[in-house]
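# Descriptive analysis of the structure
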Amino acid sequence: MAKRSKTAMRAEVAARVPIRPAAFAVLSALAQGPRAGFEILEFVNATVPRSGLLGPGTLYRLLRDLRQEGLIQRTQAPVGEATADERRTYSQLTALGEAVLLAEAARLQRTFESAGLLHLLTGR
Amino acid sequence: MSAERAERRYRGMLRLLPQSFREESENELLEVFRAAYAGRRVGRVRFWSRITADLLLTALAEAGSARGSGVRTRRDGRAGRGLGLDLAQSLRRLRQEPGHAAASTVALGVGLAAAGLVLTLVRGVLLTPLPFPDPDRLVRLIELDSGGGRFYPSFPNISDWRENARIFEGVAAADVPQVRTILHAGGAVRGRIGAVSRDFFRLLGVTTLVGRTFTPAENARGGPPVALVSEEFWRGTLGAQPLDGLSLAVGAETFAVVGVLPAGFRFLGDAGAWSTASVWLPLERDDPGPRQSHGYHTVARLRPGITLADARAQMNQLALVLKQRHGEETQADQVQMTLLTDDVLRQTREPLQLLSGAALFVLLVTCFNLGAAVLGRGLARAREMAVRSSLGASRLQLVRHLLVESSVIAVPGAVLAVVLTYAGLAQLQRLQLSIPRLDEVRVDGGAVVFTLALALLVTAAAGAFPALVLSARNPALRLRAHGATSPGREHRRLWMSFIAVQIALALALVCGTTLLTRSLQRLVRTDMGYDADRLIAVDVSLPETRYASPERRLAWYAAALGRIRALPGVEAAGLTGVLPDETTSRTATTLALRRTERTVYAGLRLVDPGYFRALGLTWMTGEPLDPVVPRPALAVIDAGLARQLWNGDSPVGSQLWNSYLTDTLTVVGTVSSVREWNELRSAGAVYVDYRAHPDMILDMHFVVRPATASVLRSVRTTLEQIDPLVPVTLEPLRQRIARTYAERRLLLLIAASFAATTLLLAALGVYGVVAWAVGRERRSVAIRLVLGAHPGRVVGSALSFGLLPTALGLAAGLVLTVPALWVIRSQLTGVAPLDPLSMLIGILVLAAGATLAAWLPARTLLRVDPRTVLRQE
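Just so we're clear, the structure is a prediction, and the values are computed from it rather than from any experiment.

What counts, and where the lines are drawn
Residues numbered from 1 in each chain as written. Chains lettered and ligands numbered in written order. Predicted model: local features only at pLDDT ≥ 70, side-chain atom pairs only at ≥ 80, totals over all residues. Heavy atoms only, no water. Helix = DSSP H or I, 4+ residues; strand = E, 2+ residues; numbered from the N terminus. Contact = heavy atoms within 4.5 Å. Buried area = accessible area lost by both parts, 1.4 Å probe. Salt bridge = Lys/Arg side-chain N within 4 Å of Asp/Glu carboxyl O. Polar contact = N/O pair within 3.5 Å; in protein donor to acceptor, adjacent residues only side chain to side chain. Buried < 20%, exposed > 50% of the residue type's maximum accessible area, 1.4 Å probe, protein only. Arc of directions from axis to C-beta. Core = buried A, V, L, I, M, F, W, Y, C linked by side-chain atoms within 4.5 Å. Patch = residues over 30% accessible without salt bridge, like charges linked within 9 Å, V, L, I, M, F, W, Y side chains within 5 Å. Areas by Shrake-Rupley, 256 points an atom, 1.4 Å probe, with all protein chains shown as cover. pLDDT = per-residue confidence, 0-100. Axes fitted to C-alpha atoms, helices over the stretch in contact; angles between N-to-C directions. Parallel < 35°, antiparallel > 145°, perpendicular 65-115°, else oblique. Left-handed = near helix turned anticlockwise from the far one by under 90°. Pairing = 2+ DSSP bridges.

## Here's the deal with the side chain of Ser91(A)
- Mapped onto the elements of the fold, Ser91(A) is located in strand E3 (residues 90–93).
- What Ser91(A) contacts, discounting residues up to four positions off in sequence, is Leu30(A), Pro34(A), Arg35(A), Ile40(A), Leu63(A), Ile72(A), Gln73(A) and Thr75(A).

## A closer look at the interface of chain A and chain B
- Taken residue by residue, the interface counts 20 residues in chain A and 23 residues in chain B.
- In total, about 1800 Å² of surface goes out of reach between chain A and chain B, with carbon and sulfur atoms giving 56% of it.
- The three residues of chain A that bury the most area against chain B are Pro56(A), Tyr60(A) and Arg61(A), which together make up 32% of that side's buried surface.
- Seen at the junction of chain A and chain B, the total is 2 salt bridges.
- Its salt-bridge partner being Arg64(A), residue Glu24(B) comes within 3.5 Å of it at the nearest N-O pair.
- Scanning the region where chain A abuts chain B turns up 7 residue pairs in polar contact (both at pLDDT 80 or more).
- Of all the elements in the fold, those that place two or more residues in the side of chain A that touches chain B are helix H3 (37–47) and helix H4 (56–68) of chain A.
- Element by element, the count of residues in the side of chain A that touches chain B is highest for H4(A), at 8 residues.

## Quick look at helix H1 (residues 3–13) of chain B
All names here are of chain B.
- For H1, the complete set of buried residues consists of Ala6, Glu7, Tyr10 and Met13. For H1, the angular spread of the buried residues around the axis is 115 degrees, confining them to a single face. When the buried face of H1 is taken as reference, the exposed residues oriented beyond 90 degrees from it are Glu4 and Arg8.

## Some words on the nonpolar core
- Core analysis: the largest hydrophobic core is formed by 131 residues, its most contacted members being Phe200(B), Phe265(B), Phe267(B), Tyr530(B) and Tyr687(B).
- Once residues lying within four places of it in the same chain are set aside, the contact partners of Phe265(B) are Phe132(B), Phe200(B), Phe201(B), Leu204(B), Val206(B), Thr276(B) and Trp280(B).

## Concerning a nonpolar patch on the surface
Residues and elements named next belong to chain B.
- Residues Tyr767, Leu852, Trp855, Leu856 and Leu862 make up a contiguous nonpolar surface patch of roughly 460 Å² in combined accessible area.
- Here the element with the most residues in the nonpolar patch is helix H25 (residues 836–858); it accounts for 3 residues.
- The residue Leu852 is located in helix H25 in this model.
- On the accessibility criterion, Leu852 (51% relative accessible area) is exposed.

## Overview of the confidence of the model for chain B
Residues and elements named next belong to chain B.
- Looking at chain B as a whole, its pLDDT mean stands at 81, while 89% of the residues score no less than 70.
- The secondary structure element of chain B with the lowest average pLDDT is helix H16 (residues 475–480), at 48, and the one with the highest is strand E6 (residues 226–229), at 94.
- Low pLDDT (under 50) marks residues 66–80, which in the prediction has 16 contacts with non-local residues, meaning those over four places away or in another chain.
- Counting interchain partners and residues more than four positions distant, the pLDDT-below-50 stretch residues 475–486 has 17 contacts.
- For this predicted complex, the interface score ipTM comes out at 0.82, while the overall pTM is 0.63.

## Topic: the environment of Val667(B)
Residues and elements named next belong to chain B.
- Within the fold, Val667 resides in strand E21 (residues 664–671).
- A relative accessible area of 1% means that Val667 is categorised as buried.
- Along the backbone, Val667 and Ala642 are 25 residues apart, and their C-alpha atoms lie at a distance of 9.9 Å.
- Apart from residues lying up to four places away in sequence, Val667 is in contact with Ala635, Ile637, Trp646, Pro651, Val652, Gly653, Ser654 and Leu656.

## Side note on the packing of helix H5 (residues 98–127) of chain B against helix H14 (residues 410–430) of chain B
Residue and element names in this part refer to chain B.
- The contact between H5 and H14 brings their axes to 7 Å, and the two run at 45 degrees. Compared by their axis directions, H5 and H14 come out oblique. Regarding H5 and H14, the two cross each other, and that crossing is right-handed. Where H5 abuts H14, its residues Thr105, Val106, Leu108, Gly109, Val110, Leu112, Ala113, Gly116, Leu117, Thr120 and Leu121 lie against Ala410, Pro412, Gly413, Ala414, Leu416, Ala417, Leu420, Thr421, Gly424, Leu425 and Leu428.

## Brief notes about the sheet that holds strand E2 (residues 72–75) of chain A
- Sheet architecture is open: 3 strands sit in the order E1-E3-E2 (chain A), paired in antiparallel fashion. Every interior strand has two partners, whereas the edge strands, strand E1 (35–36) and E2 of chain A, have only one.

So this is what it looks like as structure tokens:
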């Protein structure tokens, strides 16, 4: 991917925020590093309430859309998991994806702040 | 299910996806599926329904995105593109006509749910084998006497068969479970207690969950007191304690628990129902009674290779030999042998088969309803068809387009159907009916897949014929004429005949339901022989430990009866061992009466002399029982029995003999008959004084008049004052009677909902055709109104579009209804199958429904303002 200027990047991010909760959940799942499809499914189903309908098909479409948007990309199995089944497909965040994730998180935080609800997030 | 099988199934399901998408995604989908299947944390049904829903959503979304705004690029493969386009267009049309879409989806969903629910029941209850190994070799044995009487075998006969019949691997007996008080370390509970003979569990192939079954030494006269408990009782009541030192008290004895039966163990219960018991005791420890004391469920396992016919022949041979040996002492002139499975399902099979038939009707009506909707919309779009065809669409493409259009509702319809089936089954199971194995029935993945397949089949079948007809028109003609929206006569005829068929099928269901309703009404309303509405029934169970001596029992009942009669507001009270409902399956209440050559079955009623007055029975001949001095050898019989045995001669002074009471009874009088709750005929009854048989009176019932709340309260208080440790339950008698109608009510309820569904669908069909006619005729109506036509005539012509097929449907329906009603005759009591009133009601209901459905759209013509309409045109 060609290196983008900071302003161009900012514009690209702004064009994509806010993002849908399911997409946000997938990006969050990838924040710690590359993951396989099933791990993403587990993470999303565990963190997003009432997302019981997120199955293999829905997940595939979501990942494909995110790839087309340039937010994630396919990758090799991470080091240390090389013994894993070679057929497994891993996804990881692109720079743009990471920026969108952060921007969305920041937007959510601002929303909470402006509503005076930040204590709900921090627990204080 | 193994992981490989699951993966194969999923791979098959992937075919739902558009081909190009499947090719690109299959590997990744399978990869995620494998991991998801391995790590699933939900039940099988939930997992597969999630997976199915996910695939359906994906398939729909992928198909829909074909018409999207360039997010996705060109698709490859021509066939795929055409189908995707059809699908996309159909979806868009659905969005444009949400009313049509919703009506069709609901019609499909309800129709499929009817079929799904009944098929789930049939599969779970009828088709799944009994949960024993080799159930086809398990048979049930019944004694038949020369007069055609059927008896549950007596133990000496069972014992003879066990020793002599070479065709069996074994013969075992079980006593009908009875509700009694069970004392355990944590307290006292009421529970069912059964008893089984040697070999019973080995024969059925049942192994214990914990511990062991009875040893032969335990199941022998005077063996040690031991018991088996059900898994539910062990976990629920006993807290799953270790068996070491665990014991229970039933009656005067304490039993050591030696084993726990597997969860869900069931066997035959009262009246042959499939039932459970909390505790099982060894049957052969106590005296199982003489050769004429009937009442044991008897089951045998055929040796491998022996056919039922062979076994029957040999068994009757054996019965002959035994009859010669024991003479009059045995009633087993012949032995009836049935497969246990058939026996368990005897009473359930027929209602379920009838419901299957009814469900098929509902499904057919659904088909024709959807077909009519496709036709109707197709007619309205005749012009579009013509344009498509002129632009070069082949007939095949038109048919495909119409088929796809009718099939897009298959998925939401199937989803609705699965939800309704699930809810319906849960509702049925909550009713706690005594349908054998109902609690084991599940809506599983197979049922979901089946429903979906059926949905596709139904929509395709419903769409195919109209599609062929609609696509067959010559496009050139249609485009040219101004009446492009006025379809040919044969289309209208087809449409109307579809509606007529719905009316005909609906008529059969409505008439059948009316008939069932009238039958139940007859049963509820026919005179019982006593005034059930004014009576309270009180169940009493004296604890055996506290009331071991006959004197104490008699004293308690005498005191209770005296105090109840003295209560303010009580008109009359009596005591009986058996309430007038309880029929003849219980050992203690049945006996053979012998008068010289004839043996009959009758209910034995231990009563106090005031019982007849409390129940409101009429004295026919002879004298009542002596209210002061109990005379064990005297009996009162009911008029029905007197007629049966004495043919109109007075029975007073005659002798009756039976095996159970040892004394010969002398008849002193007769009273009016009492009807059995679930039948129109009366059960023969022999009444003897309870005070003469204090050994048999642990469990008795009071009947108290009148059935007011204050009397109920004061009776309860009084009984609790006498001895708070005697458990009693009080209930208006009418309430108990209503429970015995539960199964008939269930059949009626399901039939009624089916009938209502078809009625509604047929009415929708009529509505649709009239609404279409109204829309088409607005212009001509406006012109005719301007020219001075009477508004009534104008409405009449629109109405006729709905009423003509209704009349035809009713006529055809009558022809169909006659055999349909004949089929349900076995479920009727006191009504003829071809009851004219039921048919008349059915016809009137349908005619009224159809007329209303036609009138609603037609009346809008009355409000047509010619100027507005003509200006629009």
